[in-house]
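Examining the three-dimensional arrangement
Each chain, letter by letter, is given below.
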Amino acid sequence: MVPNIKTPLPGPKAKAIIDRDQTVVSPSYTRGYPLVIERGTGSSVQDVDGNLFLDCAAGIAVNSTGHSHPDVVRAITEQSQKFLHMSGTDFYYEPQVRLAEELASIVPIRNGVRSFFGNSGTEAIEACIKLARYATGRPNIVAFLGGFHGRTLGALALTASKAIQRRGFGPLMSGVFHAPYADCYRCPLGLRAENCAAECLDFIDHQLFVHLVSPDEVAAIVVEPIQGEGGYVVAPDQFLQRLRELTQKNGILLVADEVQSGMGRSGKMFAIEHAGVEPDIVAIAKGVASGLPLGVAAARADLMSWPPGAHASTFGGNPVSCAAALVTIGLLKQQLVANAATVGAHLLDGLKGLSDKHRLIGDVRGRGLMIGVELVRDRTTKERATDERDAVVTAAFRRGLLVLGAGKNAIRFSPPLVLTRAEADTAVRIFDEALTEVGAAR
Ligand SMILES: Cc1ncc(COP(=O)(O)O)c(C=O)c1O
């Protein structure tokens, strides 16, 4: 039975490992609670003390097919027995070609797609930035406040989620401008998503392009169709549609950062498909290979005209990761994207149903199995309940439910896409208890 918590947390074995970690591992990692995993299967995780948890975090939205899906493990094993590495940048191997063919058939770009392979989300974004600059001959990039695109210095210049992520690392890459994202719960114009025309984008047209940067010097606008790290904020379709019009009018490339929202999580293979928008480049990572490192910049074939030597990565498109990705995509297409849509809708309903009972809940939003719950101290002022958010995450952990924070005061539900309705019900029940505990202590 999951969850099943038998020891105080952390248990003795977990505590011993955490104590060792404290002296030798970088203190820059954000560990919200003391989970030390031993093994996982499907949506459940066992820690080193034998405690069982229901996983609604999936290693930050990565284990798309569940922990150690047998088909993925088999593909990894078979490929490992053949060869582990041959550098796809200097030699050829079929799994990389097959994966590029497969990506070309699922990425929502018509008329041919080429893929560049790296190892992570941030490398996918670096490739997007370099390709956009190279293909347009323009130097500048526009990104959005609240956005997260990675931590290498180019991607970090786009990232505008939490100041701590940038503090002490400047100067960052120049030529980056930020605009407000469509956070409809906190719309500064007081509009509602149902009847707005993405007026927040006027800032780009009427302020940014007038006072700070000429549109003909902007290579790309990089957007998360659903902001992840920034708080699981769902942009309305008209925001992405108008962004497409704005970029097209000015010869600017539209880059969809689908590192977190992609690979079926939103209930469609890519979240931008909900808006019916065709981007020029798509950044992919996280869920694409079920947990093995892989990052992809998939672009309109005609854009990817850079010559040999222009960009490459020794490990990028590693054959074992490619093998895992091919099986992952197969499982997503067969049933997991559909499961994300149906079980996601059920989970969203269940979480929305808690709003009447818990005043702490300000907003529940999401698509598929990418759901955010924003906690506030007061529903009128929408004062952010950051401490309470952290307390709810911890209370859920103590009861055996793994969730993660996002933004200043939201909690994200990003489970493996194999989550069942019964598991979703368990998640809602435990979340309800955690909210009750924290609400009572206020
Ligand atoms: C939308 C988005 N882009 C890029 C990244 C960076 O990915 P990575 O941590 O694999 O470098 C992340 C990571 O959370 C992300 O959510």
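Residues numbered from 1 in each chain as written. Predicted model: local features only at pLDDT ≥ 70, side-chain atom pairs only at ≥ 80, totals over all residues. Heavy atoms only, no water.

What follows deals with the sheet that holds strand 15 (residues 401-402). In spatial order, the strands read 1-2-3-15; together these four strands make up an open sheet with mixed pairing. Edge positions in the open sheet fall to strand 1 (37-41) and strand 15, since each of these has one partner strand only. (Pairing = 2+ DSSP bridges. Helix = DSSP H or I, 4+ residues; strand = E, 2+ residues; numbered from the N terminus.)

The next thing to look at is the site of the ligand. Looking at the ligand, the residues that line it are Ser120, Gly121, Thr122, Phe148, His149, Gly150, Glu224, Asp257, Val259, Gln260 and Lys286. At a separation of 2.7 Å, a nitrogen atom of the ligand approaches a polar side-chain atom of Asp257. Looking at the shell around the ligand residue by residue, the class counts come to two nonpolar, six polar and three charged. (Near = heavy atom within 4 Å. Polar contact = N/O pair within 3.5 Å; in protein donor to acceptor, adjacent residues only side chain to side chain. Nonpolar A, V, L, I, M, F, W, Y, C, P; charged D, E, K, R; others polar.)

Turning our attention to the environment of Leu401. Within the element layout of this structure, Leu401 appears in strand 15. Sequence-wise, Leu401 and Asn4 are 397 residues apart; in three dimensions their C-alpha atoms are separated by 9.9 Å. Residues contacting Leu401, with those up to four places away along its chain left out, are Leu54, Cys56, Ala396, Phe413, Ala427, Ile430 and Phe431. (Contact = heavy atoms within 4.5 Å.)

Turning our eyes to something else, we now look at the sheet that holds strand 13 (residues 361-367). Here four strands make up an open sheet; going across it, the order is 13-14-17-16 and the pairing antiparallel. Looking at which strands have only one partner, the edges of the open sheet turn out to be strand 13 and strand 16 (404-406). Each adjacent strand pair in this sheet contributes to an overall mean axis angle of 30 degrees, direction not counted. Summarising the sheet, strand 13 and strand 14 (residues 370-375) pair through six bridges and their orientation is antiparallel. Each residue of the ladder has a partner; that of Arg367, found in strand 14, is Met370. Packing against the sheet, helix 11 (residues 421-441) makes contact with strand 13, strand 14 and strand 17 (410-413), and its axis sits at approximately 160 degrees to strand 17. (Axes fitted to C-alpha atoms, helices over the stretch in contact; angles between N-to-C directions.)

Across the five residues of strand 10 (residues 253-257), five count as buried, placing the element largely inside the fold. Here strand 10 shows no split at all, with Leu253, Val255 and Asp257 on one side and Leu254 and Ala256 on the other all buried. Of the strand pairs in this sheet, strand 7 (residues 218-223) and strand 10 are connected by four bridges, and their pairing is parallel. Within the sheet, the bridge partner assigned to Ile221 lies in strand 10 and is Leu254. (Buried < 20%, exposed > 50% of the residue type's maximum accessible area, 1.4 Å probe, protein only.)

On to the pattern of salt bridges, then. Using the criterion set out here, one finds 27 salt bridges in the structure. Among the ionic pairs, Glu374 bridges to Arg186, the shortest N-O distance being 2.7 Å. Of the two residues, Glu374 is situated in strand 14 and Arg186 in the loop between strand 6 (176-179) and helix 7 (202-212); the sequence distance between them amounts to 188 residues. Taking the relative accessible area as the measure of exposure, Glu374 reaches 2% and is therefore buried. Among the salt bridges present, the one from Asp363 reaches Arg365, with a minimum N-O distance of 2.9 Å. For the pair Asp363 and Arg365, a shared accessibility class is recorded, and that class is buried. Ionic contacts of the salt-bridge type, sharing partners, join the residues Arg186, Asp363, Arg365, Glu374 and Arg384 into one network. (Salt bridge = Lys/Arg side-chain N within 4 Å of Asp/Glu carboxyl O.)

This part is about the packing of aromatic side chains. With the rule as written, the count across this model stands at nine aromatic pairs. Consider the rings of Tyr33 and Phe397, whose centres lie 4.5 Å apart with planes at 20 degrees: the pair is stacked. One end of the pair, Tyr33, is in the loop between helix 1 (12-24) and strand 1; the other, Phe397, is in helix 10 (residues 386-398), with 364 residues separating them in the sequence. We classify Phe397 as buried; its relative accessible area is 2%. Between the aromatic rings of Phe144 and Phe239, the centroid separation amounts to 5.5 Å while the plane-to-plane angle is 65 degrees, which identifies the pairing as edge-to-face. Here the residue Phe144 occupies a position in strand 5 (residues 140-144), and Phe239 occupies one in helix 8 (residues 237-249), the gap between them amounting to 95 residues. Grouped by ring-pair contacts, the aromatic residues Tyr33, Phe53 and Phe397 constitute a single cluster. The ring centre of Tyr185 lies 4.2 Å from the NZ or CZ of Lys382, which sits over that ring. (Phe/Tyr/Trp six-rings, centres within 6.5 Å; stacked < 30°, edge-to-face > 60°. Lys NZ or Arg CZ within 6 Å of the ring centre and 35° of its normal.)

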